[in-house]
Protein chains: 2
Amino acid sequence: MIGIFDSGIGGMTVARAVEQLLPNYPIVYYGDIARTPYGPKSPETIINYSIRNTEFLLDKGAKLIIIACNSASSVATKTLRDRFQVPIIEVISPAAERAIQISKTRRIGIIGTKATVKSGIYQQTINKANPEFKVFAKACPLLVPLVEENWLNKRETKMILRRYLYPLKNQQIDTLVLGCTHYPLLKDLIQARIGKKVQLIDSSIQTAHYVKEYLLRHPEIVNEQSDASHSYYASDCTETALKVAERIFHRPMELIVA
Amino acid sequence: MIGIFDSGIGGMTVARAVEQLLPNYPIVYYGDIARTPYGPKSPETIINYSIRNTEFLLDKGAKLIIIACNSASSVATKTLRDRFQVPIIEVISPAAERAIQISKTRRIGIIGTKATVKSGIYQQTINKANPEFKVFAKACPLLVPLVEENWLNKRETKMILRRYLYPLKNQQIDTLVLGCTHYPLLKDLIQARIGKKVQLIDSSIQTAHYVKEYLLRHPEIVNEQSDASHSYYASDCTETALKVAERIFHRPMELIVA
C-alpha cells in the first residue's frame, strides 16, 4: 500500500498523479483537514502533525510514505526518516532535480508557502547539486485560501498572482517550481502572468514519476494488484474540501473522517 | 481569572477590549494557532477544539470563559455550557442585542466565517428577539487570511471587500455586525465600502461591555486585583501571529507556547 499524506486537500494533486501513473497500486491517503493549513505554522507544529499522519498511514498498512505537502516535506522529512523504517518520499527533490535538468539560464524561481520558503530547502537542494544556479523564492500565502475558495478565475486572484510573481519575473527566471501542491490548480493563470517562456514545474507530477521509478527499483515494497483500492481519509470533512477534491480528481469523491 | 480563547489571534481584539474596560481583572488567553483557522472547519471539529481550549483555561485557574471567536461561539456554546460549571460568555448575543437596539430600518447585515454564517446563529438570535427584523448574512472567508497577511491597505483587499459587501449594500441594511474577531482590523475599509450611513457593530467591544456588566452583577466570580496579571498562551507561535497580536495591542507581545 502506498501511503500519502498532506495538510489537507492539495496533496490530492499528488495522489491523482500517482493513480494515473501507477493505476495498479493500492493507495491510502490522509488529509489533515482539521488542522489545515500547515504553511503558516511553525516547523515544530508541522513535524508533530507529520509524525501523527505517518502513524495513521502505517496503521492502515502503508509500506511507503509520500509527504504530499511541500511545507511538511521542507521541515519534517528528516524526522520522519529517522523515526520510521519505511521509505519516506518527499516532493521537494523531484521538483528540484527537474528544475536543474531543464533550466538553461540557471535562474530558477520557487513559489510556496511561508514554511517552505522560510526553510530554504529548495535553494539548498538545488545549490547542493550545482552551486552555480541562482534560486529566487517567493512565499505566496494567499494562494491556498484563493484555491480553496475556487476563485480560480477572479480578477483579484490574477492581481494577487501578478503581485507575487513580479519579483521573480524581474529576476528573469526561465523555470518556476510550483512548490505547493495546491498550485497546479492555478497553473494556467500562473503561466499567463509569468510569461510563456518560463517553464513551470509541477511538483505533484515530478513526485509521481519519482515514485514510479522507485517502485520499479524496489518492487518488493508494494505489490501491484489488479483491483487496487484507493481510500481517502481525512481528519475533517467540509463541503469546501470535498469540492476542491472533486475539482482535482474530476469525479465524485468520498472522504472517510478518521 | 477571566479565561478567553480563540482559534488564534483574532480573539485578541476581545482580550484587548476586556483589558481596557476591566484593567484590574486577571486575564488568561489561549489562542489555538496550531489549529487555526476554525472558520472553514466542521462544527464537530470546532466543538472538540473548544472543549480542549476551555479545559486549558480552567487548568490555569479561569472562573469565567469568554469564547472570543464567532465560529466557536456559533457552534460550541451549548456543548461548553452543558459540560462545564463556569459561566460561558459568547460573542454573538452581545453583538446581536446591540444591532437590535440601533437598527432603525430593521435590516441588519452580518459578515463572518463560513462556520458562523452557515450556523444561522445571528439570524436565530435576532429573530428570536424580534421576528420583524430582516437579517442578511454573508460569509467572507478570504478576510481572515488577508488580515493575517497585513494586507490592510492593498487594492486587492478593497476589491474583495467590495465584492463581499455588495449583496448586503444591495439589501439596504442600516447596521452591519462584524461577526468575526479579525474584522475590527478592517473596520475603516469596511465602513468606506458599505457607506457612512451603515453603523458597524464590533462584536469584540460589545462582548467586553457585556462581561463588565456580568461581573458587576456577579462580583463573586472573579476578584479585582491592583496588579492583575495578563497571560497570553498559544498552541503555536509564528512571526505572523506575533505581528498581528502586536498590531491589535499596539505594544510588544509575548506568546507562551503550551
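All values reported here derive from a predicted model rather than from experimental measurement.

**Re the relation of the copies chain B and chain A**
Here is step 1: When chain B is fitted onto chain A, the two copies agree to an RMSD of 0.0 Å after a turn of 180° and an axial shift of 0.0 Å. Put plainly, the chains are arranged around a two-fold axis. For chain B, the residue whose C-alpha comes nearest the rotation axis is Arg-35 of chain B, separated from it by 2.3 Å.
Here is step 2: Taken together, the interface assignments show that 100% of the residues at the interface of chain B recur at the interface of chain A, consistent with an identical surface on both copies.

**Here's the deal with helix H11 (residues 239–249) of chain A**
Here is step 1: What H11 of chain A keeps buried is the set Thr-240, Ala-241, Val-244, Ala-245, Arg-247, Ile-248 and Phe-249 of chain A.
Here is step 2: Where the residues of H11 of chain A are buried, they touch helix H1 (12–21), helix H7 (143–148) and strand S9 (230–234) of chain A together with helix H5 (114–119) of chain B.
Here is step 3: Count one or two residues on from H11 of chain A and you reach His-250 of chain A, which has phi positive near 55°.

**Regarding the packing of helix H4 (residues 92–102) of chain B against helix H6 (residues 121–129) of chain B**
Residue and element names in this part refer to chain B.
Here is step 1: Direction vectors running N to C along H4 and H6 enclose 50°, while the axes themselves pass 10 Å from each other. It follows that H4 is oblique to H6 by the angle criterion. At the point where H4 passes H6, the crossing takes the right-handed sense. Of the residues in H6, those touching H4 at Ile-92, Ser-93, Ala-95, Ala-96 and Ile-100 are Ile-121, Tyr-122, Thr-125, Ile-126 and Ala-129.
Here is step 2: Here the contact of H4 with H6 is built from residues that sort into eight nonpolar, two polar and no charged.

**Looking at the packing of aromatic side chains**
Here is step 1: In this structure the tally under the stated criterion is 14 aromatic pairs over all chains.
Here is step 2: Between Trp-151 of chain A and Tyr-164 of chain B, the ring centres sit 5.9 Å apart and the planes meet at 50°, which makes this aromatic pair tilted. In this pair, Trp-151 of chain A is assigned in the loop between H7 and helix H8 (155–170) and Tyr-164 of chain B in helix H8 (residues 155–170), connecting two distinct chains. The pair Trp-151 of chain A / Tyr-164 of chain B is uniform in exposure class, with both members buried.
Here is step 3: When the centroid spacing of 5.3 Å and the interplanar angle of 70° are considered together, the rings of Phe-56 of chain B and Tyr-233 of chain B count as edge-to-face. Of this pair, Phe-56 of chain B sits in helix H2 (residues 43–59) while Tyr-233 of chain B sits in strand S9 (residues 230–234), and the two are 177 residues apart along the sequence.
Here is step 4: An aromatic cluster of three or more residues is present, and its members are Tyr-29, Tyr-232 and Phe-249 of chain A.
Here is step 5: One cation-aromatic arrangement involves Arg-35 of chain B over Tyr-49 of chain B; the distance from NZ or CZ to the ring centre is 5.6 Å.
Here is step 6: Above the ring of Trp-151 of chain A, the side-chain terminus of Arg-163 of chain B is found at 5.3 Å from the ring centroid.

**Some points on the pattern of salt bridges**
One side chain can pair with another of opposite charge once the charged atoms of both are near each other.
All names here are of chain A.
Here is step 1: This model, assessed by the stated rule, comprises 16 salt bridges over all chains.
Here is step 2: With a shortest N-O distance of 2.7 Å, Asp-82 and Lys-78 are connected by a salt bridge. Residue Asp-82 and its partner Lys-78 are located together in helix H3 (residues 70–83), separated by four residues, close to a single helical turn.
Here is step 3: Look at Asp-82 and you get exposed, because its relative accessible area is 57%.
Here is step 4: Taking relative accessible area as the criterion, Lys-78 reaches 58% and is therefore assigned exposed.
Here is step 5: Residues Arg-106 and Glu-132 are paired through a salt bridge, measuring 2.5 Å at the closest nitrogen-oxygen approach.

**Quick look at the domain arrangement of chain A**
By convention, interface size is frequently given as the accessible area that disappears when the constituent parts associate.
Residue and element names in this part refer to chain A.
Here is step 1: Annotation of chain A at the domain level lists domain 1 (2–91 + 205–257) and domain 2 (92–203).
Here is step 2: On a C-alpha basis, the centres of domain 1 and domain 2 stand 21 Å from each other.
Here is step 3: Of the residues lining the interface, 26 residues belong to domain 1; the matching set on domain 2 comes to 26 residues.
Here is step 4: Between domain 1 and domain 2, the buried area comes to about 2,000 Å², and carbon and sulfur atoms account for 55% of it.
Here is step 5: For domain 1, the biggest contributors to the area lost against domain 2 are Asn-70, Gln-206 and Arg-247; these three give 30% of the whole.
Here is step 6: Here domain 1 is connected to domain 2 by zero salt bridges.
Here is step 7: Here domain 1 and domain 2 share 16 residue pairs in polar contact (both at pLDDT 80 or more) between them.
Here is step 8: Listed by contribution, the elements that provide at least two residues to the side of domain 1 that touches domain 2 are H1, H3, helix H10 (203–217) and H11.
Here is step 9: Looking at which element gives the most residues to the side of domain 1 that touches domain 2, the answer is H3, with five residues.
Here is step 10: A breakdown of the residues in the side of domain 1 that touches domain 2 according to their chemical character gives eleven nonpolar, eleven polar and four charged.

**A look at the interface of chain B and chain A**
Here is step 1: Contacts between the two partners involve 31 residues from chain B and, on the opposite side, 31 residues from chain A.
Here is step 2: Carbon and sulfur atoms supply 54% of the area that chain B and chain A bury against each other, a total of about 2,500 Å² over both sides.
Here is step 3: Of all residues in chain B, Leu-142, Glu-156 and Arg-163 of chain B bury the most surface against chain A, accounting for 21% of the area lost on that side.
Here is step 4: One salt bridge in this structure joins Arg-163 of chain A and Glu-156 of chain B, with 2.7 Å as the shortest N-O distance.
Here is step 5: On the surface where chain B and chain A come into contact, there are 18 residue pairs in polar contact (both at pLDDT 80 or more).
Here is step 6: Secondary structure elements with two or more residues in the side of chain B that touches chain A: H2, H5, helix H7 (143–148), H8 and helix H11 (239–249) of chain B.
Here is step 7: In terms of residue count, the dominant contributor to the side of chain B that touches chain A is H8 of chain B (six residues).
Here is step 8: Considering only residue class, the side of chain B that touches chain A consists of 14 nonpolar, six polar and eleven charged.

**Considering the packing of H2 of chain B against helix H3 (residues 70–83) of chain B**
In a packed pair of helices, the relevant descriptors are the angle between the two axes and the axis-to-axis distance.
All names here are of chain B.
Here is step 1: Relative to each other, H2 and H3 sit at 55°, their axes nearing to 9 Å. The angle between H2 and H3 falls in the class oblique. In this structure, the crossing between H2 and H3 has a hand that is right-handed. Contact residues: H2 offers Pro-43, Ile-46, Ile-47, Ser-50, Ile-51, Thr-54 and Glu-55, while H3 offers Ser-71, Ala-72, Val-75, Ala-76, Thr-79, Leu-80 and Arg-83.
Here is step 2: Here the residues of the contact of H2 with H3 are counted per class, giving eight nonpolar, four polar and two charged.

**Looking at the pairing of strand S5 (residues 107–112) of chain B**
For a regular strand, side-chain orientation follows a simple rule: the groups alternate between the two sheet faces.
Residue and element names in this part refer to chain B.
Here is step 1: Counted residue by residue, S5 has five buried out of six residues, so it is predominantly covered.
Here is step 2: Sheet analysis places S5 next to strand S6 (residues 134–139), joined by six bridges and oriented parallel. When the sheet's bridge partners are listed, Ile-110 is paired in S6 with Ala-137.
Here is step 3: Looking at chain direction, S5 and strand S7 (residues 175–179) are connected through five bridges and run parallel. Each bridged residue has a counterpart across the sheet, and for Ile-108 the counterpart in S7 is Thr-175.

Criteria and thresholds
- Residues numbered from 1 in each chain as written.
- Chains lettered and ligands numbered in written order.
- Predicted model: local features only at pLDDT ≥ 70, side-chain atom pairs only at ≥ 80, totals over all residues.
- Heavy atoms only, no water.
- Least-squares fit on C-alpha atoms with pLDDT ≥ 70 in both.
- Contact = heavy atoms within 4.5 Å.
- Buried < 20%, exposed > 50% of the residue type's maximum accessible area, 1.4 Å probe, protein only.
- Helix = DSSP H or I, 4+ residues; strand = E, 2+ residues; numbered from the N terminus.
- Axes fitted to C-alpha atoms, helices over the stretch in contact; angles between N-to-C directions.
- Parallel < 35°, antiparallel > 145°, perpendicular 65-115°, else oblique.
- Left-handed = near helix turned anticlockwise from the far one by under 90°.
- Nonpolar A, V, L, I, M, F, W, Y, C, P; charged D, E, K, R; others polar.
- Phe/Tyr/Trp six-rings, centres within 6.5 Å; stacked < 30°, edge-to-face > 60°.
- Lys NZ or Arg CZ within 6 Å of the ring centre and 35° of its normal.
- Salt bridge = Lys/Arg side-chain N within 4 Å of Asp/Glu carboxyl O.
- Domains from an automatic or database assignment.
- Buried area = accessible area lost by both parts, 1.4 Å probe.
- Polar contact = N/O pair within 3.5 Å; in protein donor to acceptor, adjacent residues only side chain to side chain.
- Pairing = 2+ DSSP bridges.

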